[in-house]
Amino acid sequence: MKRSMLPIVAGTALAASLAGTAASADTVLRASHQFPGGQGDVRDEMVQLMADKVAEANVGLEIEVYPGQSLFKAREQWAALSRGRLDITALPLDYASGRHPEFSATLMPGVVRNHEHARRLNDSEFMGMIKDVIQEGGARVLADAWLAGGFASSQQCITSPDTVEGQTFRAAGPAFEQMLAGAGASISSMPSSEIYTALQTGVLDAANTSSMSFVSYRIYEQVSCMTAPGEHALWFMYEPILISERSWQGLSEEQQQALMAAGQAAEDFFAEEAAGLDQAMVDVYEENGVEVVTMSQEDYDAWLEIAKQTSYKNFAENVPNGQALIDAALAVE
């Protein structure tokens, strides 16, 4: 499923056209994401899989995939999607929390405990509330995906809260920024695609991001220690595949059904890959001479206590339905 051309067009549709066995697609949807294309990033592969499945359905629909920010920058994708300028994206949802602060609940410290817990959340009241906000914002979910993540630093291993004091951190979203600031870190906000350069130039000392991004963006070249998710994963982020509501309404019922089936196939593919991403990250970092550690239960509990006094408190007080979202998330066993 690895490709290197930009844009990358669904191979099945192209082959059918060249063979003369099918008419060219009536409708072309553009899919944009920030992740490296054709290099094994599971989020890129999810979108490519959807493109292939839609082409196989032969319903007059084609998906052109633009990876690596080749169409829209990471932080531009939600606005483009909600306004109908972009059809499909694979997006870390918290990137859009500036417009919809409720989305920060999908990157809240300690809300998701492991990959199985993340899958149970997908069908919960909590995610129903989040998807209502997505719909109100002008989009809908085609495939769910939760990625675990960790910490990496060029200065020292990140375990207990006191280990971040004095370091400049990239934290991915407001909830983690508030928690880390509460522990004494300085914050520099940026998408994951900019972490490597920021570490290389000294803008950052450390970063949070997903296990997949830690590998795809080769961050192991700029850090000395990695804190893997392990048994006490503090960091999980919701990164769904979304379609613009305007684009969705422009499709026929047959095309919508094909797209939903393709989305389910992509979600199932991700579910099979998810847990292995964490171990793959550990293997890559160890192979490249980076020390790998995990948090103890005591470390995790200390972080969670800081989160409750900072990010949880701020979210409950300042976000519409903030406390209800936290309660709904924590109610999922």
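Now for a quick tour of the structure. What you are looking at is a predicted structure, and each value in this text was computed from that prediction instead of being measured.

The rules behind the values
- Residues numbered from 1 in each chain as written.
- Predicted model: local features only at pLDDT ≥ 70, side-chain atom pairs only at ≥ 80, totals over all residues.
- Heavy atoms only, no water.
- Buried < 20%, exposed > 50% of the residue type's maximum accessible area, 1.4 Å probe, protein only.
- Helix = DSSP H or I, 4+ residues; strand = E, 2+ residues; numbered from the N terminus.
- Arc of directions from axis to C-beta.
- Contact = heavy atoms within 4.5 Å.
- Phe/Tyr/Trp six-rings, centres within 6.5 Å; stacked < 30°, edge-to-face > 60°.
- Lys NZ or Arg CZ within 6 Å of the ring centre and 35° of its normal.
- 1 Å grid on protein atoms, 1.4 Å probe; cavity = no way out; pocket = protein on both sides within 12 Å on 5 of 7 lines; lining within 4 Å.
- Points joined across faces, edges and corners; volume = space filled by probe spheres on them.
- Nonpolar A, V, L, I, M, F, W, Y, C, P; charged D, E, K, R; others polar.

Here's the deal with helix H13 (residues 322-330)
When we look at burial in H13, the residues that qualify are Gly 322, Leu 325, Ile 326, Ala 328 and Ala 329. Each buried residue of H13 sits inside an arc of 165° when the element is viewed along its axis, so together they form one side. Check the buried side of H13 and you find it contacts helix H4 (115-122), helix H5 (125-136) and helix H12 (311-318).

Let's talk about the packing of aromatic side chains
Taken as a whole and judged by the stated rule, the model has seven aromatic pairs. On the basis of an interplanar angle of 85° and a centroid distance of 6.1 Å, the ring pair of Phe 214 and Tyr 285 is categorised as edge-to-face. With Phe 214 in helix H8 (residues 211-216) and Tyr 285 in helix H10 (residues 253-287), this residue pair connects regions lying 71 residues apart in the sequence. Note on accessibility: Phe 214 and Tyr 285 belong to one class, buried. Among the aromatic side chains, those forming a connected cluster through ring pairs are Phe 151, Phe 169 and Trp 303. Between Arg 43 and the ring centre of Phe 35, over which it is positioned, the NZ or CZ distance is 3.7 Å. One residue, Arg 75, lies across the ring of Tyr 95, its end atom 4.2 Å from the ring centre.

Examining empty space enclosed by the protein
Considering all chains together, one arrives at two cavities of 30 Å³ or more under this definition. No other element matches strand E6 (residues 146-153), which puts three residues into the lining of the largest cavity. Taken together, the residues of the lining of the largest cavity sort by class into seven nonpolar, four polar and no charged. The space that makes up the second largest cavity amounts to roughly 30 Å³. For the second largest cavity, the full set of lining residues is Arg 43, Pro 92, Tyr 95, Arg 170, Ala 172, Ser 192, Thr 209, Ser 210, Ser 213, Trp 235, Met 237 and Glu 239. Taken together, the residues that form the lining of the second largest cavity break down as five nonpolar, four polar and three charged.

Nothing here speaks to function; it is all geometry.
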